[in-house]
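# Architecture and fold: a report
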Amino acid sequence: MTHLKLIKSPVEIKLTDFTLNGDPILFQRRILSEISDIFLDHQAAGMLPADTIVYTVQSWLPVPEGTTGGLFYGTSTVMPGKVGNEYFMTKGHSHAKSDRAEFYWGIQGQGILMLMDRQRNTWGEEVFPGSLHYIGSNIAHRLVNISDENLIVGACWPSDAGHNYEEIAKYGFSARLIEIDGKPILVPDNKK
Ligand code: PAN
Ligand code: ZN
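Residues numbered from 1 in each chain as written. Chains lettered and ligands numbered in written order. Predicted model: local features only at pLDDT ≥ 70, side-chain atom pairs only at ≥ 80, totals over all residues. Heavy atoms only, no water.

Moving on, we come to the packing of aromatic side chains. Using the criterion set out here, one finds four aromatic pairs in the structure. Here F39 and F88 contribute two aromatic rings whose centre-to-centre distance is 6.3 Å and whose plane-to-plane angle is 50°, an arrangement assigned as tilted. Placement of the pair is F39 in the loop between α1 (32–35) and α2 (42–47) and F88 in the loop between β7 (86–87) and β8 (102–108), with a sequence separation of 49 residues. We classify F39 as buried; its relative accessible area is 1%. (Phe/Tyr/Trp six-rings, centres within 6.5 Å; stacked < 30°, edge-to-face > 60°. Helix = DSSP H or I, 4+ residues; strand = E, 2+ residues; numbered from the N terminus. Buried < 20%, exposed > 50% of the residue type's maximum accessible area, 1.4 Å probe, protein only.)

Structural data, given as structure tokens:
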């Protein structure tokens, strides 16, 4: 019974390293060997240690997955690194309930939030500490680290959004973020 009680939330963000502390927290780690298919240069991917951590996600799911009207919180950390000339990045997805939106915000490091609409137009928003990103419905999204430190990004999304990874796994985004002359450039890459 919490009536008239002053209580603490079960989860905190540790502001020194932005990790989530509390219970329950879901922790996911994506290593290169699991996700090497997302990168263009498979030979370059094969030359890096298979257990290289590309990104991690800590999430607080306060209600069961699929609940209508709830929210989830996550902190994503994309490590610095490249496969050939392509920066380390997340798998990327659209939401299974495709009309569900999401907020991202930059916490540490420099990156690009790649966004793609249903017509396969792809663009990028610059991510930096304090940047705020509204990912509208029907927009596929992927985080890319273009800096030499960890890219840390907060996210909040509806608990009934779900994730659709299949389409991106099959067709990719219509562009890749490649380093050319020391700068990140979106280069067309259409498999559809
Ligand atoms: C984020 C992402 C997170 C990892 O929490 O899930 O950055 O990216 P992938 O899910 O593409 O591997 C989010 O967008 N949730 O909806
Ligand atoms: Zn999402």
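Structure's up, so let's keep going.
This next bit is on the site of ligand 1. Not every one of the 14 residues close to ligand 1 is listed here, only the nearest: Y55, S76, G92, Y104 and Y165. In this structure, an oxygen atom belonging to ligand 1 sits 2.5 Å away from a side-chain N or O atom of Y55. At a separation of 3.0 Å, an oxygen atom of ligand 1 approaches a polar side-chain atom of H163. Surface burial for ligand 1 is 96%, taken as the share of its 390 Å² of free accessible area covered by protein chains. For the shell around ligand 1, the secondary structure elements donating two or more residues are β4 (53–60) and β8. Per-class residue counts for the shell around ligand 1 are five nonpolar, seven polar and two charged. (Near = heavy atom within 4 Å. Polar contact = N/O pair within 3.5 Å; in protein donor to acceptor, adjacent residues only side chain to side chain. Areas by Shrake-Rupley, 256 points an atom, 1.4 Å probe, with all protein chains shown as cover. Nonpolar A, V, L, I, M, F, W, Y, C, P; charged D, E, K, R; others polar.)

Looking now at the coordination of the zinc ion (ligand 2). Four donors placed tetrahedrally about a metal ideally form angles of 109.5 degrees, and six donors placed octahedrally ideally form angles of 90 or 180 degrees. Protein coordination at the zinc ion (ligand 2) comes from H93 (NE2), H95 (NE2), E102 (OE) and H141 (NE2), with a distance range of 2.1 to 2.3 Å. Of note is the zinc ion (ligand 2), whose six donor atoms meet at the metal with angles of 74 to 174° in an arrangement that counts as octahedral. All donor residues of the zinc ion (ligand 2) come from one chain, and their arrangement in sequence is H-x1-H-x6-E-x38-H. With H93 in the loop between β7 and β8 and H141 in strand β12 (residues 140–145), the pair connects residues that are 48 residues apart, well separated along the chain. Neither H93 nor H141 differs from the other in exposure class; each is buried. (Donors = N, O, S within 2.8 Å, 3.2 Å for Na, K, Ca; no water. Tetrahedral: all angles 85-135°; square planar, octahedral: opposite > 155°, others 65-115°.)

In this fold, S174 is placed in the loop between α3 (166–171) and β14 (175–180). In this structure, S174 is in contact with M116, R120, N121, T122, V187, P188, D189 and N190, ignoring residues within four places of it in sequence. (Contact = heavy atoms within 4.5 Å.)

In this structure, β8 lies alongside strand β11 (residues 132–135), joined through four bridges in antiparallel fashion. Bridged to Y104 within β11 is H133. (Pairing = 2+ DSSP bridges.)

In this section: the sheet that holds β12. Consider a sheet: its strands pair through backbone hydrogen bonds, and that pairing is either parallel or antiparallel. Overall, antiparallel pairing links the three strands, which are arranged β10-β9-β12 in an open sheet. Among the strands making up the open sheet, the edge pair consists of β10 (122–127) and β12. Within this sheet the neighbouring strands show an average axis-to-axis angle of 25°, counted without direction. Relative to β12, strand β9 (residues 111–116) runs antiparallel, the two being bridged by six bridges. For M116, the partnering residue across the bridge sits in β12 and is A140. (Axes fitted to C-alpha atoms, helices over the stretch in contact; angles between N-to-C directions.)

Once that is clear, we can look at the sheet that holds strand β5 (residues 71–78). The sheet built from six strands is open, its strands ordered β3-β4-β5-β13-β8-β11 with antiparallel pairing. The outermost strands of the open sheet, each flanked by one partner alone, are β3 (26–31) and β11. Across the sheet, the mean angle separating the axes of adjacent strands is 20° when strand polarity is ignored. With five bridges joining them, β8 and strand β13 (residues 151–158) adopt antiparallel strand pairing. Note on β13: the bridge partner recorded for Y104 is A155.

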